[in-house]
Amino acid sequence: MAPIIRPEQADQLRFLLEQPEEVLIEFCKLAIEYINSGINEKKCTVAAKKLSSTYDIVRGALEALVALLIDSTKMAISERDFYTAVQTSLDSIDQKQSEILWQFITSKRHLVDNVLRASCQDEMYFRDLEWRIEGRIASRSLRSQAAPVIKMKFHLDTECVSEYREKLHSTPETEKHTRREVLAETDPSMLQHMIQVLEQALLEARTRRVRNYVKPAQS
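Scope of this entry: the structure provided in the associated data block. (Residues numbered from 1 in each chain as written. Predicted model: local features only at pLDDT ≥ 70, side-chain atom pairs only at ≥ 80, totals over all residues. Heavy atoms only, no water.)

## With respect to the packing of helix H3 (residues 41–50) against helix H4 (residues 55–75)
Remark: H3 packs on H4, axes separated minimally by 8 Å, with the N-to-C direction vectors making an angle of 115°. Our classification of the angle between H3 and H4 gives roughly perpendicular. The chirality of how H3 crosses H4 is right-handed. The residues of H4 that touch H3, namely those facing Glu41, Cys44, Thr45, Ala47 and Ala48, are Tyr55, Val58, Arg59 and Leu62. Of the residues that constitute the contact of H3 with H4, the class distribution is 6 nonpolar, 1 polar and 2 charged. (Axes fitted to C-alpha atoms, helices over the stretch in contact; angles between N-to-C directions. Helix = DSSP H or I, 4+ residues; strand = E, 2+ residues; numbered from the N terminus. Parallel < 35°, antiparallel > 145°, perpendicular 65-115°, else oblique. Left-handed = near helix turned anticlockwise from the far one by under 90°. Contact = heavy atoms within 4.5 Å. Nonpolar A, V, L, I, M, F, W, Y, C, P; charged D, E, K, R; others polar.)

## A closer look at helix H2 (residues 21–37)
If you check H2, its first and last C-alpha atoms are 25 Å apart, about what 17 residues at 1.5 Å a residue would give, namely 24 Å. Turning to H2, its buried residues number three or more, namely Val23, Leu24, Phe27, Cys28, Leu30, Ala31, Ile32 and Ile35. Positioned one or two residues after H2, glycine 38 has a phi angle of 90°, which is positive. (Expected span 1.5 Å × (residues − 1). Buried < 20%, exposed > 50% of the residue type's maximum accessible area, 1.4 Å probe, protein only.)

## Notes on the sheet that holds strand E1 (residues 125–134)
Taken in spatial order, the 3 strands of this open sheet run E1-E2-E3, and their pairing is antiparallel. Since the sheet does not close on itself, it has two edges, and those belong to E1 and strand E3 (179–186), each with one partner. Geometrically, the sheet is characterised by an average inter-axis angle of 15° between neighbouring strands, direction not taken into account. Here 9 bridges tie E1 to strand E2 (residues 149–157), and the two strands are oriented antiparallel to one another. Counterpart to isoleucine 133 in the pairing with E2 is isoleucine 150. Across the face of the sheet, helix H10 (residues 188–205) comes into contact with E2 and E3 while running at roughly 125° to E3. (Pairing = 2+ DSSP bridges.)

These figures come from the coordinates and say nothing about function on their own.
Written out as structure tokens, the structure reads:
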């Protein structure tokens, strides 16, 4: 299972674990407000003053809590795996604090899932690719070899549909609103590098760590 708490987030969350349980609960409420409407600087400043801390420390702890909620939702983590993860990453956490965080995760999972889905509505999907190679005709006046240029046109779409549905139902009007074309050009060496990066990404996509993130998003 992929870790849901990175080392830097663990350092930020330990600040909350040093506070009374009531403070942790209030920060959970602030985290939901953060997701709905962004950071509330005034409340963070007041909290920093009450806790004899700084604004940056309070904001970092809040953002680490938001990250924990989002990552746990993406992975659809089970209760057992969650307790194991937080106890491994946060050695100072007690049972009651673990229960507060788990209640926080489960009670707002549906909300976070809706927010994540809404944020991906404008995502562009790859639909087609056109390409051609351009080069210069050999000439005695050229003192160095001219490298060919690869020109590409990426066809993207905000709707992810099968090509068969597209042939049956697409119209010029719908294509106008959902499709986008991106032009790019590169040289052979950079193209080779791009291919290597994409091949590495395909290998990564087959790992268990990536599948843990992708599976909840597809359900």
